[in-house]
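An overview of the molecular structure
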Amino acid sequence: MRRHELTDEEWAIIAPLLPNKVRGVARVDDRRVINGILRRFRTGAPWRDVPERYGPRTTLYNRFVRWRAAGVWDRLLEAVSAAYDGDIVMIDSSCVRVHQHGAAIKKRGDNDRCMGRSRGGLTTKIHAVVDAEGRPIHLTLSAGQAGDAPVGRELLARLPAGGILLADKACDTDAIRAETAERGTFANVPPRVIRKRTFAFSHWLYRQRNAIELFFNHIKQMRGLATRYDRRPENFLAALKLAAARIWINAL
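I will try to describe carefully the structure that is included in this document. (Residues numbered from 1 in each chain as written. Predicted model: local features only at pLDDT ≥ 70, side-chain atom pairs only at ≥ 80, totals over all residues. Heavy atoms only, no water.)

1. Thoughts on the overall build of the chain
Counted only if it meets this: Counting from the N terminus, the helices are DSSP H or I runs at least four residues long and the strands are E runs at least two residues long. Note on method: radius of gyration uses C-alpha positions; expected globular size equals 2.2 Å times residues raised to 0.38. Contacts: residue pairs with any heavy atoms within 4.5 Å of one another. For the area figures, the Shrake-Rupley method with a 1.4 Å probe applies, and any residue is considered shielded solely by the protein chains shown. Positive charge is attributed to Lys and Arg, negative charge to Asp and Glu, and no charge count is given to His or to the chain ends. We put the charge of a Lys on NZ, of an Arg on CZ, of an Asp on CG and of a Glu on CD.
Within the chain, the secondary structure is distributed over 10 helices and 7 strands. For the chain, the C-alpha radius of gyration of 19 Å lies close to 18 Å, the compact-globule estimate for 252 residues. With the principal axes as the frame, the chain shows a C-alpha extent of 65 × 40 × 30 Å. Looking at the chain alone, contacts between residues at least 24 apart form 62% of all its contacts between residues at least 6 apart. Put simply, the chain shows about 13,400 Å² of open surface, and 48% of that area lies on carbon and sulfur atoms. Put simply, the chain has 44 plus and 27 minus side-chain charges, and the middle of one group is 7 Å from the middle of the other.

2. Here's the deal with the environment of Asp92
Using the following cut-off: The buried label applies to any residue whose accessible area, calculated with a 1.4 Å probe on protein chains only, is under 20% of its type's maximum; exposed applies above 50%, and partly exposed to all values in between. Whenever a nitrogen or oxygen atom comes within 3.5 Å of another N or O atom, the pair is scored as a polar contact, on the condition that within protein one atom can donate a hydrogen and the other can accept it, and that pairs from neighbouring residues in sequence are kept only if both atoms are in side chains.
Residue placement: Asp92 occurs in strand S1 (residues 88–98). Look at Asp92 and you get buried, because its relative accessible area is 8%. For Asp92 and Arg177, which are 85 residues apart along the polypeptide, the C-alpha to C-alpha distance reads 15 Å. Discounting residues that sit within four places of it in the chain, Asp92 has contacts with Ile126, His127, Ala128, Asp148, Asp168, Arg209, Ile212, Glu213 and Phe216. Looking at Asp92, its side chain comes within polar contact range of the side chain of Arg209, at 2.7 Å.

3. Here's the deal with the packing of helix H4 (residues 72–81) against helix H10 (residues 233–251)
Using the following cut-off: Only C-alpha atoms enter the line fits that serve as axes; for helices the fit covers just the stretch in contact. Angles between N-to-C directions range over 0 to 180 degrees. To sort the angles, those under 35 degrees are grouped as roughly parallel, those over 145 as roughly antiparallel, those from 65 to 115 as roughly perpendicular, and the leftovers as oblique. Rotating anticlockwise by less than a right angle from the far helix to the near helix defines a left-handed crossing, while the corresponding clockwise rotation defines a right-handed one.
Contact geometry for H4 and H10: axes closest at 9 Å, N-to-C directions at 25°. Judged by the angle between their axes, H4 and H10 are roughly parallel. The chirality of how H4 crosses H10 is left-handed. For the pair formed by H4 and H10, the contact residues are Trp73, Asp74, Leu76, Leu77, Val80 and Ser81 on the first element and Ala238, Lys241, Leu242, Ala244, Ala245, Trp248 and Ile249 on the second.

4. Considerations on the nonpolar core
Stated formally: Among buried residues, the Ala, Val, Leu, Ile, Met, Phe, Trp, Tyr and Cys ones that are joined through side-chain atoms within 4.5 Å form a nonpolar core.
Counting 68 residues, the largest nonpolar core has Ile34, Phe64, Trp73, Leu225 and Leu240 as its most contacted members. For this core, the element with the highest residue contribution is H10, accounting for 12 residues. Sequence-distant contacts of Phe64, defined by excluding residues within four places in its chain, comprise Ile37, Phe41, Trp47, Trp73, Asn235, Ala238 and Ala239.

5. Considerations on the pairing of strand S3 (residues 121–131)
Using the following cut-off: Any two strands with at least two DSSP bridges between them are considered paired.
Taking burial as the measure, the 11 residues of S3 include 11 buried ones, the bulk of the element. Across 9 bridges, the pairing between S1 and S3 is antiparallel. The residue bridging Val89 from the neighbouring strand is Asp131, located in S3. Pairing geometry for strand S2 (residues 116–118) and S3, over 3 bridges, is antiparallel. Among the inter-strand pairings, Ser118 is bridged to a residue of S3, identified as Gly121.

6. What about the pattern of salt bridges?
What counts, and what does not: Whenever a carboxyl oxygen of Asp or Glu lies within 4 Å of a side-chain nitrogen of Lys or Arg, that contact is scored as a salt bridge.
Taken as a whole, this structure holds 16 salt bridges when the rule is applied. Ionic pairing is found between Arg246 and Glu10, a salt bridge with its closest N-O pair at 3.0 Å. With Arg246 in helix H10 and Glu10 in helix H1 (residues 8–14), this pair connects stretches of sequence that are 236 residues apart. Each of the two residues, Arg246 as well as Glu10, counts as buried. One connected set of salt bridges, linked through shared partners, spans Asp172, Asp174, Arg177, Arg192 and Arg195.

7. Quick look at the side chain of Asp168
Here Asp168 is to be found in the loop between strand S5 (164–166) and helix H6 (174–182). Buried Asp168, no salt bridge; nearest opposite-charge side chain is Arg209, N-O distance 4.3 Å. Discounting residues that sit within four places of it in the chain, Asp168 has contacts with Asp92, Val189, Pro190, Tyr206 and Arg209.

8. Structural notes on the packing of aromatic side chains
Given two aromatic rings, one states the distance between the centres and the angle between the planes to describe the pair. Let me state the cut-off plainly: Here the aromatic set is Phe, Tyr and Trp, taking the six-membered ring for Trp, and pairing holds for ring centres within 6.5 Å; pairs whose planes are under 30 degrees apart are stacked, those over 60 apart are edge-to-face, and all others are tilted.
The final tally for this structure, using the stated rule, is 8 aromatic pairs. Residues Phe41 and Phe64 carry aromatic rings whose centres are separated by 5.3 Å and whose planes lie at 50° to one another, so their mutual orientation is tilted. Placement of Phe41 in helix H2 (residues 30–43) and of Phe64 in helix H3 (residues 57–69) is noted, with a sequence separation of 23 residues between them. Comparing Phe41 with Phe64, the two get one shared label, buried. Where Trp47 meets Tyr61, the ring centres are 5.6 Å apart and the plane angle is 75°; that geometry is what we call edge-to-face. In this pair, Trp47 is assigned in the loop between H2 and H3 and Tyr61 in helix H3, connecting sequence segments 14 residues apart. The exposure class of Tyr61 is partly exposed, given its relative accessible area of 32%. Through pairs of rings, three or more aromatic residues link up here, namely Phe41, Trp47, Tyr61, Phe64, Trp67 and Trp73.

This is the structure:
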C-alpha cells in the first residue's frame, strides 16, 4: 500500500457500499481504481498523469463519472454519515480558486457552473454541514460571490430536528432564525452589529465552531480540491464527497 491509498480497514467499509451487480465483462479491481481517483485529487494532476499502476486513465475517469451519475459517491457519504448521533451541527462555507482548466468556455445550456467573481478572482464556494467533531454530513456548491444565507436556508432541510446550530454572522437572518425555531433548533449565531434586537448567544458554544474550519483545512490538503480543476461542478462535488466519506470512515 502506497501513501494516501485506502487501508484494509477503509476498504472493508467501502467495498460493501459499491455497486455489486456486474453485467457483461467483470470490472477491473475497484480498489485500484478508487486509489487512482484519490491519487488524482490528492495531487491535483491531470487524469493522463495518474501513474499507470492504477490502470488506464480512461478507466479511472469513466468509472468516476459513471458512479457520480449513478449516485454512488452520494450514497457512500450518506451511508457512513448515518452514524451521526449528536445535538450540535455547524454550517459554513469556504472558497476555492478555479483553475483556468476548470474555467472552460461555457457551452449552450451550461448555465450553472457554480463559478463566480469574488475577491479571489474566479472562485467556487463550498458549503458544508458538519457535526460537533467536524465530520461532514452534507456538502453543496455555489458561485464564489454568492451569499451564505440563501444556501444556509437550503442546508437547514438537512439538519435533524432539535439540537443546536452553530453558524457565523453571515447566517444571521430573520428567515434562518425563524426556520430553526420551527424545527425546535437553537440557532447559536452571533448577531450582526446592525441588529437592534438581542438574541440568546453562547460564546462558549461558538468556540466549538472551529471544528468546521478544521474540516475545510483537512479537505484542502488535497490539491485537487484546494483548487478546482473540473469544469463540471458535479464532478468537483463528487470528489469532495469521496474525500468527506473517507474522513468519516477514519473517524468510525
